[in-house]
Amino acid sequence: MSKQKWLWGMIVLLLVVSSTGMMKRWNAEQSNDTYEVVIPLDEIQTTSKNSDLTMDEIFSSLKEAGLTTVSLEPLTLKEMEKQNLITIYGENELAAQLLFTPYKDEVDVTKRGYYIRVPDHASYRQLIVDSIHPEEVQVGEETFYFLPTSNHHYDLKTPIGYDQPAIDMMGKHGLAHIFKVENAGNEVANEQLVHQLLALKDASAGRLLGAGDEAIGFGQENGHILVEKLKDAGYYFYTIESNPLKGENKIAQITDYNIIRLHSINVNRETKLTLNASIDRTTRAVKERNIRSIFYHIKTTGNPNENMKETVDYLTGVQKNMPDHFKLAEPKLFDKVTIPVWVTALVLLAGILFTFAVSELVKWMPLRLAAAGFMAVLAIAYILLKSTLFLQAFALIIAVLAPTYAVIKTANGSTQVSKILIQYLKAVGISLIGIVIVIGLLNGNAFITGFAAFKGVKLVYVIPILGVLLFTVIEINRLVDQNLKSSLSNTVTLLNKELKYWHVLLLVIVAGVGLFYISRTGNSGSVSELELAFRQWLENTLYVRPRTKEFLIGFPFFVLALYVMGINRKWGSILLVPGVIGFLSIVNTFTHLHIPVAVSVLRTCYSVVLGFVIGLVFIVIFKLLYRWASKAIARWS
């Protein structure tokens, strides 16, 4: 027993000494306290076109309500025509227009291409000339730019550059702007776009948001060179939450993960999204997921004046509901979180010792040494090969072992609340040691920005339950036979029994419950409207909501299990199975590495405290039911 205490002491000491890595992450997250709201220019233009509001009026109103930034897509010839900046004719179309004029023979219809009326604004003329280098032709008294269809680099939908007059108008209203960049599909067009971005950098905030399905330069030989040029000029990129672009990981690596996380709220696609829900999603994204940019879409259908009012209400609502320590301003990059090799080595050593300590459950030294040896191999492989995959595998094993061991090791029943509390805190402490190892390993800007992640979330939700279930079966058989060898033998015998119809029915029910449980894990889990309302109330009251499966299910059942085990260990052991959910869930909370550590700590503290209190309520209810059942049995016996 004393050796085991020394082992745990070593683990804690190693984690304390290596805590500088986690402190760097904590400081980087706490100091990053600004956020922005972005609205696309084309939706502002659509609102102005469909209403009696001028662009200046819309900009002024949105700026006053809290808009900080406007996004600009690169112009194409087709978009310029849509905005009535130019007129485009095909060769046959222009010839038909001139058929009954003195200039009917001045268009060579065998020369296929597009005739572009020269725009009035000098800025747009310069943009077309600098990008596509068109041939200038005279047709009667009108000058046209001619773009042959044989041009392999440009067509009507190829991005050619950005709207300088629009940039000037936004600057006049004190609004920042970000450039949307898309992969043009050919190197010449991309190089020209980057050339203009470099020229615009002095007047720009230097922020780039990917558009389409591919990041700029994706699939092109010189793609990395373009990204490096933009990086060297001072540009940094955005990543859209849950919508990564092809090639975006490469950009993240080139820019050393100097990336801004963006969350999109598109009321045009999510037509059932209410104003309050949009505001709640915005505040939650900023405070809980390291999101620093919100991309809000103005509704483009229905009454434009009402759509404008709803947008203003959204902007003012966000400011009202956002926690005070977040400021509406240009988003900041996260400070560089550099983890020294010695820090990672100490955490890996703590993980190896943790595995050896946890493996005491098997009571067989060769297997314990093999488990620790396997973890050592993963650690050495990471140090030599620098592959994050080995760290992720190491962290997954720790994340699975921690809640399983925490529940089994502390499964000592008692009817005294003080002793139950001690065992409860021990289980929480063991889980927290596993958590510290996991987040100590998976640390750095790649994880904060979401480009690297914890792998195996579903396994963390399933394996600890199976482990505790196996322990429960063995424990029940042991209590019957008072012999571990016989218990294992009976467990195997149970698995070899023939199936009956009621067995199948029971398995179907258990499988259904299991599938429902797994379906609620992750971001795509299904939740009822009533539970959503309850969650929102908790969030509004507590800043962040504790997880329902922790404080209403897992922890209370664990507390009740300890109490029932104090009366009847066999039946109490069964309650450990739902009890492990609370511990695996808090481990899972911290494996969401894009969530600030402070938020996860606060959420877990709420769950641990509320879970114990509700567990005491479970005990009171159990005692009442137990007393009623005892009287009923005595009456009918």
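Refer to the preceding data block for the structure.
**Q** Hey, could you run me through the overall build of the protein chain in this one?
**A** Scanning the protein chain for helices and strands turns up 25 helices and twelve strands. Once the C-alpha set of the protein chain is aligned to its principal axes, its extents read approximately 115 × 60 × 50 Å. Here the protein chain holds 637 residues, and the buried ones make up 49% of them. Intrachain contacts of the protein chain at a sequence separation of at least 6 include 78% that bridge at least 24 residues. Averaging the positions of the 60 positive and the 55 negative side-chain charges in the protein chain gives two centres separated by 21 Å.

**Q** So what exactly am I meant to see when it comes to the side chain of Thr 472 here?
**A** Within the secondary structure, Thr 472 sits in helix α19 (residues 457-481). Contacts of Thr 472, omitting those with residues within four sequence positions, involve Ser 573, Ile 574 and Val 577.

**Q** Is there a simple way to think about the layout of surface pockets in this case?
**A** Gaps between atoms show up when a probe of the same size as a water molecule is rolled over them. Computed from the structure, the second largest pocket encloses a volume of approximately 990 Å³. In terms of lining residues, the second largest pocket is bounded by 30 residues, among which Glu 360, Leu 361, Val 362, Ile 408 and Phe 471 are the most central. Looking at the lining of the second largest pocket, the elements with two or more residues in it are α14 (341-358), α15 (365-385), α16 (388-409), α19 and α20 (484-496).

**Q** Hey, could you run me through the packing of aromatic side chains in this one?
**A** By convention here, two paired aromatic rings are described through the distance between centres and the angle between planes. According to the stated counting rule, one finds 16 aromatic pairs in the structure shown. For the ring pair Phe 555 and Phe 583, a centre distance of 4.9 Å and an interplane angle of 80° mean the geometry is edge-to-face. Placement of the pair is Phe 555 in helix α23 (residues 548-567) and Phe 583 in helix α24 (residues 569-591), with a sequence separation of 28 residues. With respect to burial, Phe 555 and Phe 583 carry one shared label: buried.

**Q** How should the nonpolar core be read in this particular structure?
**A** Nonpolar side chains tend to gather and get buried jointly when the protein is soluble and globular. Membership of the largest hydrophobic core comes to 75 residues, with the highest contact counts inside it found for Ile 11, Phe 354, Phe 394, Phe 454 and Leu 576. At twelve residues, α16 tops the list of elements feeding residues into this core. Every residue in contact with Phe 394, bar those within four places of it in the chain, is listed here: Leu 348, Gly 351, Ile 352, Met 375, Leu 378, Ala 379 and Leu 441. Listed in part, the 54 residues of the second largest apolar core include Val 37, Ile 58, Phe 59 and Leu 193.

**Q** Is there a simple way to think about the pattern of salt bridges in this case?
**A** Any two side chains of opposite charge can pair, on the condition that their charged atoms come close. Per the counting criterion, the structure on display carries 18 salt bridges. For the salt bridge of Glu 270 with Arg 281, the shortest nitrogen-to-oxygen distance reads 2.9 Å. A residue pair is termed long-range when its members are at least 10 positions apart, and Glu 270 in the loop between β10 (259-266) and α12 (275-288) and Arg 281 in helix α12 qualify at eleven residues. Taking the relative accessible area as the measure of exposure, Glu 270 reaches 33% and is therefore partly exposed. Of the charged contacts, one joins Glu 539 and Lys 287 as a salt bridge, the two residues approaching to 3.7 Å between their closest N and O atoms. Residue Glu 539 is located in helix α22 (residues 529-542), and its partner Lys 287 is located in helix α12; the two are separated by 252 residues in the primary sequence.

**Q** What am I meant to see in a nonpolar patch on the surface here?
**A** Taken together, Met 10, Leu 13, Val 17 and Trp 342 make up a surface patch of nonpolar side chains, about 390 Å² in accessible area. No other element matches the three residues that helix α1 (residues 2-17) contributes to the nonpolar patch.

What counts and what doesn't
- Residues numbered from 1 in each chain as written.
- Predicted model: local features only at pLDDT ≥ 70, side-chain atom pairs only at ≥ 80, totals over all residues.
- Heavy atoms only, no water.
- Helix = DSSP H or I, 4+ residues; strand = E, 2+ residues; numbered from the N terminus.
- Buried < 20%, exposed > 50% of the residue type's maximum accessible area, 1.4 Å probe, protein only.
- Contact = heavy atoms within 4.5 Å.
- Lys, Arg positive; Asp, Glu negative; His and termini not counted.
- Charge placed at Lys NZ, Arg CZ, Asp CG, Glu CD.
- 1 Å grid on protein atoms, 1.4 Å probe; cavity = no way out; pocket = protein on both sides within 12 Å on 5 of 7 lines; lining within 4 Å.
- Points joined across faces, edges and corners; volume = space filled by probe spheres on them.
- Phe/Tyr/Trp six-rings, centres within 6.5 Å; stacked < 30°, edge-to-face > 60°.
- Core = buried A, V, L, I, M, F, W, Y, C linked by side-chain atoms within 4.5 Å.
- Salt bridge = Lys/Arg side-chain N within 4 Å of Asp/Glu carboxyl O.
- Patch = residues over 30% accessible without salt bridge, like charges linked within 9 Å, V, L, I, M, F, W, Y side chains within 5 Å.
- Areas by Shrake-Rupley, 256 points an atom, 1.4 Å probe, with all protein chains shown as cover.

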